[in-house]
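Remarks on the overall topology
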Amino acid sequence: MVGRKMRAKICSYVSVAGATGGVLWAWLAAGAAFALVTVLWGLLLAPRAPVTLPGWATWTIEAVLFVAAGAWLAGLGHPWTGAAMVVVWALNRVALRWLRPDLVPPPS
């Protein structure tokens, strides 16, 4: 049988775990998302990626990644940061297409 002190200790551990569980899962989800984006970028979008995609697929994957990250930031309470990230990505793509058309294939 568990004594009163042991029950109090277990309850305190459970309450601390419950209070930090949301933060822990958020950090784990952020790490998993970072790993997923890194792998996708390295396999599909990097300049020397082992898989070559058509221009429209590259633009679509980039747009999905950046819009999802912007939406995640907005969901975490940073809507302006998320919107700014998406706008900067879009301006970067437009500028690259205009200034260096040899580097960026058009979305066909």
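The structure we're discussing is the one just above.
Residues numbered from 1 in each chain as written. Predicted model: local features only at pLDDT ≥ 70, side-chain atom pairs only at ≥ 80, totals over all residues. Heavy atoms only, no water.

**Considering the overall build of the protein**
Helix and strand counts for the protein come out as 3 helices and 0 strands. Overall, the protein shows an N-to-C arrangement of helices and strands of α-α-α. Within the protein, buried positions represent 13% of all 108 residues. At a minimum sequence separation of 6, the contacts of the protein that also span at least 24 residues come to 40%. Carbon and sulfur atoms provide 77% of the accessible area of the protein, an area that totals close to 8,300 Å². (Helix = DSSP H or I, 4+ residues; strand = E, 2+ residues; numbered from the N terminus. Buried < 20%, exposed > 50% of the residue type's maximum accessible area, 1.4 Å probe, protein only. Contact = heavy atoms within 4.5 Å. Areas by Shrake-Rupley, 256 points an atom, 1.4 Å probe, with all protein chains shown as cover.)

**Structural notes on helix 2 (residues 55–75)**
For helix 2, with 21 residues, the first-to-last C-alpha span of 30 Å sits near the 30 Å given by 1.5 Å per residue. Residues Gly 55, Ala 57, Thr 58, Trp 59, Glu 62, Leu 65 and Gly 70 constitute the buried set of helix 2. (Expected span 1.5 Å × (residues − 1).)

**Focus: a nonpolar patch on the surface**
On the surface, Leu 24, Trp 25 and Leu 28 cluster together into a nonpolar patch covering about 370 Å² of accessible area. Along the chain, Leu 28 turns up in helix 1 (residues 4–45). In this structure Leu 28 comes out as partly exposed when scored by relative accessible area, which is 46%. (Patch = residues over 30% accessible without salt bridge, like charges linked within 9 Å, V, L, I, M, F, W, Y side chains within 5 Å. Salt bridge = Lys/Arg side-chain N within 4 Å of Asp/Glu carboxyl O.)

**What about the packing of aromatic side chains?**
Following the criterion strictly, the structure yields 1 aromatic pair and no others. Summarising the aromatic geometry, the rings of Phe 66 and Trp 89 are spaced 5.7 Å apart at their centres and angled 15° between planes, so their arrangement reads as stacked. A residue pair is termed long-range when its members are at least 10 positions apart, and Phe 66 in helix 2 and Trp 89 in helix 3 (residues 79–99) qualify at 23 residues. The ring of Trp 59 carries the charged tip of Arg 93 above its face, separated from the ring centre by 5.2 Å. (Phe/Tyr/Trp six-rings, centres within 6.5 Å; stacked < 30°, edge-to-face > 60°. Lys NZ or Arg CZ within 6 Å of the ring centre and 35° of its normal.)

**Describing the pattern of salt bridges**
Scanning the entire structure with this criterion turns up 1 salt bridge. Of the charged contacts in the structure, one is a salt bridge between Arg 93 and Glu 62, with a shortest N-O distance of 3.3 Å. Here Arg 93 is found in helix 3, whereas its partner Glu 62 is found in helix 2, with 31 residues between them in sequence.

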